[in-house]
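Chain residues, written in single-letter form:
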Amino acid sequence: MTAFYILLVFHLAAVAVKLAVLLYVPRLKEVEQIRAFLSTYRRLDWTTDWVLWLTGAGFFLVTSWRYLLQLWLLVSMLIYLLIFLLIKKVVVRGMKRIAATKKLHAYEEVSKLRFENVCTAVAVVGLLGIIAYLMITKPF
């Protein structure tokens, strides 16, 4: 059981790092800051992806593959996938668009990125609430 908790800590830390981008984007004000953050984020994203896959596989090694037969868990995993895709398609794509610009400040684009980030954060909080509900009630 100790291995399960160790895996859980690493898994939750990786999820927190992936979600932390939503808290960091409002601090980015200039194109150069966004470029620097994107280069760091790409490495972090790659690392956290591997940690999530490895710890996810580790969960089934230390527990049972039968957990996959629980529909609420499968739905929760799909919602997590939706959350990470939402962040990648909206926020990260917006940062890449700004990083590719020739502008020095790009005030309008950064303002749009912040708005998109807020909208994404609201959606993510709602989806995390659904996951919490599924974990607590295990309705199916």
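Predicted model, so just to flag it, every value in this text is computed and none were measured.

J.: Residue-level account of a nonpolar patch on the surface, with values.
T.: A cluster of nonpolar side chains, contributed by Leu68, Leu71, Leu74, Met77 and Phe140, occupies part of the molecular surface with about 410 Å² of accessible area. Structurally, Leu74 can be placed in helix H3 (residues 71–99).

J.: Can you lay out the packing of helix H2 (residues 31–62) against H3 for me, pointing to particular residues and giving the numbers?
T.: Put simply, H2 and H3 touch, their axes get as near as 9 Å, and they point 150° apart. As judged from the angle between their axes, H2 and H3 are roughly antiparallel. Between H2 and H3 the crossing geometry is left-handed. Facing Val31, Ile34, Arg35, Phe37, Leu38, Tyr41, Arg42, Asp45 and Leu52 of H2, the residues of H3 in contact are Phe84, Ile87, Lys88, Val92, Met95, Lys96, Ile98 and Ala99.

J.: Explain the layout of surface pockets to me, and be specific about the residues and the numbers.
T.: Sizing a probe to match a water molecule and rolling it over the atoms shows the empty space that remains. Roughly 1,200 Å³ of internal volume is contained in the largest pocket. Along the wall of the largest pocket there are 30 residues; nearest its centre are His11, Gly56, Phe59, Met77 and Tyr80. For the lining of the largest pocket, the elements supplying multiple residues, two or more each, are helix H1 (2–24), H2, H3 and helix H4 (107–137). With 10 residues, the single largest contributor to the lining of the largest pocket is H3. A per-class count over the lining of the largest pocket returns 21 nonpolar, four polar and five charged.

J.: Go over the side chain of Thr120 with me, naming the residues and quoting the values.
T.: Residue placement: Thr120 occurs in helix H4. A relative accessible area of 3% means that Thr120 is categorised as buried. The contact partners of Thr120, leaving out residues within four places of it in the chain, are Leu22, Leu86, Ile87, Val90 and Val91.

J.: Would you mind going over the pattern of salt bridges in detail, with residue names and values included?
T.: Evaluated as defined, the whole model comprises seven salt bridges. Arg97 is the salt-bridge partner of Glu116, the closest N and O atoms lying 3.7 Å from each other. Remark: Arg97 occurs in helix H3 and Glu116 occurs in helix H4; sequence separation between them is 19 residues. Among the ionic contacts, a cluster of salt bridges with common partners joins Lys18, Asp45, Asp49 and Lys88.

Conventions adopted
- Residues numbered from 1 in each chain as written.
- Predicted model: local features only at pLDDT ≥ 70, side-chain atom pairs only at ≥ 80, totals over all residues.
- Heavy atoms only, no water.
- Patch = residues over 30% accessible without salt bridge, like charges linked within 9 Å, V, L, I, M, F, W, Y side chains within 5 Å.
- Areas by Shrake-Rupley, 256 points an atom, 1.4 Å probe, with all protein chains shown as cover.
- Salt bridge = Lys/Arg side-chain N within 4 Å of Asp/Glu carboxyl O.
- Helix = DSSP H or I, 4+ residues; strand = E, 2+ residues; numbered from the N terminus.
- Axes fitted to C-alpha atoms, helices over the stretch in contact; angles between N-to-C directions.
- Parallel < 35°, antiparallel > 145°, perpendicular 65-115°, else oblique.
- Left-handed = near helix turned anticlockwise from the far one by under 90°.
- Contact = heavy atoms within 4.5 Å.
- 1 Å grid on protein atoms, 1.4 Å probe; cavity = no way out; pocket = protein on both sides within 12 Å on 5 of 7 lines; lining within 4 Å.
- Points joined across faces, edges and corners; volume = space filled by probe spheres on them.
- Nonpolar A, V, L, I, M, F, W, Y, C, P; charged D, E, K, R; others polar.
- Buried < 20%, exposed > 50% of the residue type's maximum accessible area, 1.4 Å probe, protein only.

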